[in-house]
Amino acid sequence: TQNDISADSVTLLAAGGIGQTSNALETDVNSLSASSTSNGDVVIVEVDALIIAGTGVQTTGSNISITAGANLTVGAEVNARSNGDVTLAALTQNIELDNNVLSTALSVGNLGDGSGTIALIAQAGSVTGAAAIKASGGSAAIDSGQGIGSIPSPIDTSVTNLAARATNAGGVFLQEADAVTIA
């Protein structure tokens, strides 16, 4: 298939959605930032590695889904406001959390106090990094082929419900901010 956007770096700003669940925006870029300023999902499929950079990926009232064909680096905040859901996937390599992934209750801010679900999927790789996953009224599901966090650097979470697994190798190292139900 042909990509919708090919560039080194791209910044996307829309009053509505960017891509759709049934028709994702297909990219071939190195770095990306995206913002939906009203109700509308952000749905992006990147052909290979991707760095979320600049102002990050944000919505004011909807969901975020980003799939990378290789490494996915969260270099800037990812925030689905108004209790939106976030799905980040790396199909063949790793997810590196260098900035927070949030579901926030209000349409502004970055408290991570939303009730959305945050899903991180590194099918063949690992999920690592020093940032946090926050949806204090919501859930997180982390699925990895090669491990989640490490002993010296666990993945920080602040969620109500949590599910995590490493299917092939590696361990699962998480640090929850408060009480959590393991699902």
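Here, every reference points to the structure presented above.
Because the structure is a prediction, the values reported are computed rather than measured.

### Points about the pattern of salt bridges
Piece 1. This model, assessed by the stated rule, comprises one salt bridge.
Piece 2. Salt-bridge contacts for Asp143 lead to Arg165; the nearest nitrogen and oxygen are separated by 2.9 Å. You can see Asp143 sitting in strand β15 (residues 132-144) and its partner Arg165 sitting in strand β16 (residues 155-166), a full 22 residues away along the chain.
Piece 3. By relative accessible area, which is 24% here, Asp143 ends up partly exposed.

### Quick word on the pairing of strand β4 (residues 31-36)
Piece 1. Taken across its six residues, β4 has six buried, putting it largely inside the fold.
Piece 2. Residue alternation in β4 divides its side chains into two sets, Ser31, Ser33 and Ser35 and Leu32, Ala34 and Ser36, and both sets are buried.
Piece 3. As defined by bridge partners, strand β2 (residues 9-14) adjoins β4 across six bridges and the pair is classed as parallel. Counted as the bridge partner of Leu13 is Ser35 from β4.
Piece 4. In this sheet, strand β6 (residues 50-59) lies alongside β4 in parallel orientation, the contact comprising five bridges. The residue of β6 that forms the bridge with Leu32 is Ile52.

Conventions we followed
- Residues numbered from 1 in each chain as written.
- Predicted model: local features only at pLDDT ≥ 70, side-chain atom pairs only at ≥ 80, totals over all residues.
- Heavy atoms only, no water.
- Salt bridge = Lys/Arg side-chain N within 4 Å of Asp/Glu carboxyl O.
- Helix = DSSP H or I, 4+ residues; strand = E, 2+ residues; numbered from the N terminus.
- Buried < 20%, exposed > 50% of the residue type's maximum accessible area, 1.4 Å probe, protein only.
- Pairing = 2+ DSSP bridges.

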